[in-house]
Each structure stands twice: as C-alpha cells, then as structure tokens.
Amino acid sequence: MEDCLFCKIVKGEIPSKKVYEDEEVLAFKDINPAAPIHILVIPKKHITSLAYVKKEDEILIGKIYTTINKIAEDNGFKENGYRVIVNCGKDGGQEVMHLHFHVLAGTQLGEKIV
Ligand code: AMP
Ligand code: ZN
C-alpha cells in the first residue's frame, strides 16, 4: 500500500533492523522498545489489522506464529518466554495500520491486562 509505513519497510524504502525475513514474513526491531527485546513480526502483504484477516490468510497467520517461535529460539529467549501482542483498531491502541505482532522478551514482563 502506497502510504503505509510498514509496506515501506517491506520495500526497503524505510530502513529497519531486520531480525528475520522470508517471502511472506518480515521481523524487525521496534524503534521504541517497550522491553529489552521488542520485535515486530509482520506479513509482507498489506493487511490493515487483525479485523481484516480473511479466510485466505489463515495459513499465513499460522506461519507468523511458527516464525515467532523460530525467532525466539534463534535469539535465545525461547526458554525464558515471551509475550505476543496484537493491537487492533482504535480501542485496541493500534497506531500503524498494517497488521503486526509485537514480541516482547528479555525480562519478567510487567502488569498483565488479560
Ligand atoms: P501499534 O501501536 O500496535 O500500532 O505499534 C506500532 C509500533 O511500531 C510501535 O511500537 C512503534 O514503536 C513501532 N514503530 C513505528 N515506526 C517504526 C519504525 N520506523 N521502525 C520500527 N518500529 C516502528
Ligand atoms: Zn502496509
């Protein structure tokens, strides 16, 4: 999508610190980390939010979770654990309208909302 920040990161028009990449999925470091490890995992395909995930995206979304597990293993935080957060829409606090999975790790994470 033309004016989407994360699509620009996918295209390399905006730099990012890449952690993982394949044909369908990109992971990069969050620019404003909320934990010692804060990685964003996104589909390369533009999907506006979780609310716009379609039936045809089911395999891709499953792949994002197995990719997160691979990233955890490769970066040494699989055993200690991590938290995955998806903010969806205005009330969910989503600011960048391209589906992304926050992966937080590297410390005992704070308050649980749910
Ligand atoms: P959300 O509030 O769930 O939409 O999260 C958007 C996230 O994108 C925030 O944690 C930001 O710090 C992060 N972010 C914004 N711009 C960039 C960027 N250029 N590179 C990496 N992360 C970014
Ligand atoms: Zn996009």
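Placed above this text is the structure.
1. Some remarks on the overall build of the protein
Along the protein, the regular secondary structure elements total three helices and five strands. The order of α-helices and β-strands along the protein, N terminus first, is α-β-β-β-α-β-α-β. Its C-alpha atoms give the protein a radius of gyration of 14 Å, within 12% of the compact-globule value 13 Å for 114 residues. The dimensions of the protein, computed from C-alpha atoms along their principal axes, are 35 × 30 × 30 Å. For the protein, buried positions account for 35% of its 114 residues. Considering only intrachain contacts with a sequence separation of at least 6, the fraction spanning at least 24 residues in the protein is 51%. Working note: accessible area of the protein is about 7,400 Å², and carbon and sulfur atoms make up 52% of it. A distance of 1 Å separates the average location of the 15 positive side-chain charges in the protein from that of its 17 negative side-chain charges.

2. Things to note about the pattern of salt bridges
Here the structure, examined in full by the defined rule, presents 12 salt bridges. Salt-bridge contacts for Glu-24 lead to Lys-63; the nearest nitrogen and oxygen are separated by 2.6 Å. With a gap of 39 residues between them, Glu-24 in the loop between strand E1 (18-21) and strand E2 (25-29) and Lys-63 in helix H2 (residues 58-74) connect regions that are remote in the sequence. A residue is classified by how much of its surface remains accessible, and Lys-63, at 21% relative accessible area, is partly exposed.

3. Remarks on the nonpolar core
By size, the foremost hydrophobic cluster in this structure holds 17 residues, and its most contacted members are Ile-39, Val-41, Ile-64, Ile-71, Phe-77 and Phe-101. Sorting the residues of this core by element identifies E2, strand E3 (37-43), H2 and strand E5 (101-105) as the ones contributing at least two each. Examining the composition of this core, we find that six residues originate from one element, H2, more than from any other. Not counting the four nearest positions on each side in its chain, Ile-64 is found in contact with Val-25, Val-41, Ile-42, Pro-43 and Phe-101. Counting nine residues, the second largest nonpolar core, distinct from the first, contains Phe-6, Ile-9, Phe-28 and Leu-40.

4. Some points on the site of ligand 1
Around ligand 1 sit 16 residues, and of these Asp-30, Asn-87, Glu-95, His-100 and His-102 come closest. Ile-31 places a main-chain nitrogen or oxygen 3.1 Å from a nitrogen atom of ligand 1. Here an oxygen atom of ligand 1 sits 2.9 Å away from a polar atom, N or O, in the main chain of Val-96. In isolation ligand 1 exposes 500 Å². Once the protein is present, 84% of that is buried. Contributing elements (two or more residues each) for the shell around ligand 1: helix H1 (5-11) and E2. Ranked by residue count, the leading element in the shell around ligand 1 is H1, at three residues. Partitioning the shell around ligand 1 into residue classes produces seven nonpolar, six polar and three charged.

Calculation criteria
- Residues numbered from 1 in each chain as written.
- Chains lettered and ligands numbered in written order.
- Predicted model: local features only at pLDDT ≥ 70, side-chain atom pairs only at ≥ 80, totals over all residues.
- Heavy atoms only, no water.
- Helix = DSSP H or I, 4+ residues; strand = E, 2+ residues; numbered from the N terminus.
- Rg over C-alpha atoms; globule rule 2.2 N^0.38 Å.
- Buried < 20%, exposed > 50% of the residue type's maximum accessible area, 1.4 Å probe, protein only.
- Contact = heavy atoms within 4.5 Å.
- Areas by Shrake-Rupley, 256 points an atom, 1.4 Å probe, with all protein chains shown as cover.
- Lys, Arg positive; Asp, Glu negative; His and termini not counted.
- Charge placed at Lys NZ, Arg CZ, Asp CG, Glu CD.
- Salt bridge = Lys/Arg side-chain N within 4 Å of Asp/Glu carboxyl O.
- Core = buried A, V, L, I, M, F, W, Y, C linked by side-chain atoms within 4.5 Å.
- Near = heavy atom within 4 Å.
- Polar contact = N/O pair within 3.5 Å; in protein donor to acceptor, adjacent residues only side chain to side chain.
- Nonpolar A, V, L, I, M, F, W, Y, C, P; charged D, E, K, R; others polar.

Interpretation in functional terms is not warranted from these geometric data alone.
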